[in-house]
Amino acid sequence: MNYLQRPVVISFSGHDPCGGAGIQADIETIVSHQCHAASVITCLTMQNTLNVAKIMPQKSEDIVQQADLLLCDMPVHAFKIGLIGHVQVVHAVYEIIQKYPLVPVILDPVLAAGGGKELADTALIEAIRTLLLPLTTVLTPNVQEARRLTECNDIKMCGERLLNLGCDYVLVTGGDEKTESVVNHLFYANHSEKYTWARLPLHYHGSGCTLASSIACLLALGVEPVLAINDAQEYTWHSLQRAYQSGGGQANPNRLFWR
């Protein structure tokens, strides 16, 4: 009997109890792209749609053992990394993904919550720079995250420095900037591209997770990286356009809008 095969995307991210970001956002996005979602929770969190109150990183040895158990059973087609939360978690994720150099790695460097809560200290940022960026296929920081990772202000300089740190592609997103339109900047090799999207009226919970997971799925499906990055932005914009409220804070992207 022939069974339908779906590419496996493994997400390393935090658990969001209110269901808008983190592992839940990744799973919704992965399912929406008709890939198979596997997950390793890096942190438990206390949060709602307004802000994050606390993060509880998981033990690094448990993360490694869970991932190894998955990977000895399932072929992986892409790794997506979101909230890390602690320097020891960086080491755990690095230990896993460095064993699979041919598998694309999509890193959304979550350094602060949408409500403003800081989620990364200096040691964590340095570990991301030195361990994860050299293994990253596509990095998707927002402007402030790009500046914190590089200690540069100029977006072009941020992109170039992140490429020099080892990323293959860097998409710097401008959704949090005070501009009339949302402007995203892509850097790769000796190229740069700019994407302009109509700014939508709400604030959204899990938009970065959605974008990075969409890129991961498209790469897992064999789409060429620049096209995957473009198509993932379009998918994310449409999910935000059809967002809905579940609480008193940020709106949830409707990642199954096409249904």
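Rules behind the numbers
Residues numbered from 1 in each chain as written. Predicted model: local features only at pLDDT ≥ 70, side-chain atom pairs only at ≥ 80, totals over all residues. Heavy atoms only, no water. Core = buried A, V, L, I, M, F, W, Y, C linked by side-chain atoms within 4.5 Å. Buried < 20%, exposed > 50% of the residue type's maximum accessible area, 1.4 Å probe, protein only. Pairing = 2+ DSSP bridges. Helix = DSSP H or I, 4+ residues; strand = E, 2+ residues; numbered from the N terminus. Contact = heavy atoms within 4.5 Å. Axes fitted to C-alpha atoms, helices over the stretch in contact; angles between N-to-C directions.

Participant: Where do I start with the nonpolar core in this structure?
Facilitator: Nonpolar side chains tend to gather and get buried jointly when the protein is soluble and globular. In terms of nonpolar packing, the biggest core is built from 45 residues, with I10, F12, F79 and I128 touching the most fellow members. By size, the runner-up hydrophobic cluster in this structure holds 30 residues, among which are C35, L200, L211 and A220.

Participant: Help me understand the sheet that holds strand 5 (residues 105-107) in this model?
Facilitator: Two modes of strand pairing occur in sheets, parallel and antiparallel, and in both the strands are linked by backbone hydrogen bonds. Pairing is mixed across the open sheet formed by nine strands, whose spatial order is 3-2-1-4-5-6-7-8-9. Single-partner strands in this sheet number two, and they are strand 3 (52-57) and strand 9 (191-198). Alignment of strand 1 (residues 8-15) against strand 2 (residues 36-47), held across seven bridges, turns out to be parallel. For H15, the partnering residue across the bridge sits in strand 2 and is L44. Packed onto the sheet, helix 6 (residues 155-164) meets strand 6 (138-139), strand 7 (169-172) and strand 8 (181-188) and runs at close to 35° relative to strand 8.

Participant: What should I look at first to understand the pairing of strand 3 in this one?
Facilitator: Within a regular strand, side chains alternate between the sheet's two faces. Pairing geometry for strand 2 and strand 3, over five bridges, is antiparallel. By the bridge assignment, T45 is partnered in strand 3 with I55. Counted along the chain from strand 2 to the antiparallel partner strand 3, the turn is four residues long.

Participant: In this structure, what is going on with the environment of V138? I would like to understand it.
Facilitator: Looking at where V138 falls in the secondary structure, it is placed in strand 6. The contact partners of V138, leaving out residues within four places of it in the chain, are V105, I106, L107, Y169, I215, L219 and I229.

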